[in-house]
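# Observations on the model geometry
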Amino acid sequence: QVQLVESGGGSVQTGGSLRISCSASKAAPSEFCMGWSRQAPGKEREGVATIDSDGSTRYVESVKGRFTISRDNAKNIWYLEMNSLKPEDTAMYYCAADWGPYGGTCSPHKLLHVWGQGTLVNVSS
């Protein structure tokens, strides 16, 4: 099974920016769905953003226009750039993936099967 490791979390003030990374232990297959989810204190985990093997990106409405997901095609890494951060963005952020053909649509609403350990993002007011 592929292993995923997040990095780049930290503390930032409201309105600030942060870029977090996910590194995979194996090369991406021809078909995949990569994404980010988050879990805020006392709340359930929610999908945030996804990118598929065609380069199509999707975002949950609350982050659309502020967050950008991207992939480094030369490395087994994908990123989430977060801008205009709000206190409600505070959460543990997890990268996730379906490492091969997947069913349905690659979207923040899709439950991906491989997860990293998380990286904490704290946005102060």
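Here's a quick rundown of the structure.

What follows concerns the pattern of salt bridges. Counted by the stated rule, this structure contains five salt bridges. Where Glu 81 meets Arg 19, a salt bridge forms, and the shortest distance between an N and an O atom there is 3.3 Å. On the criterion of sequence distance, the pair formed by Glu 81 in strand S8 (residues 77-82) and Arg 19 in strand S3 (residues 18-24) is long-range, its members being 62 residues apart. Of the residues examined, Arg 19 reaches a relative accessible area of 42% and is grouped as partly exposed. Close ionic contact of Arg 66 with Asp 89 constitutes a salt bridge, the shortest N to O distance being 2.7 Å. Of the two residues, Arg 66 is situated in the loop between strand S6 (57-59) and strand S7 (67-72) and Asp 89 in the loop between S8 and strand S9 (91-98); the sequence distance between them amounts to 23 residues. Given a relative accessible area of 11%, Arg 66 falls into the buried group. Using a relative accessible area of 1% as the deciding quantity, one classes Asp 89 as buried. Linked by salt bridges that have partners in common, Arg 38, Glu 46, Arg 66 and Asp 89 make up one network.

Reading the values: the criteria
- Residues numbered from 1 in each chain as written.
- Predicted model: local features only at pLDDT ≥ 70, side-chain atom pairs only at ≥ 80, totals over all residues.
- Heavy atoms only, no water.
- Salt bridge = Lys/Arg side-chain N within 4 Å of Asp/Glu carboxyl O.
- Helix = DSSP H or I, 4+ residues; strand = E, 2+ residues; numbered from the N terminus.
- Buried < 20%, exposed > 50% of the residue type's maximum accessible area, 1.4 Å probe, protein only.

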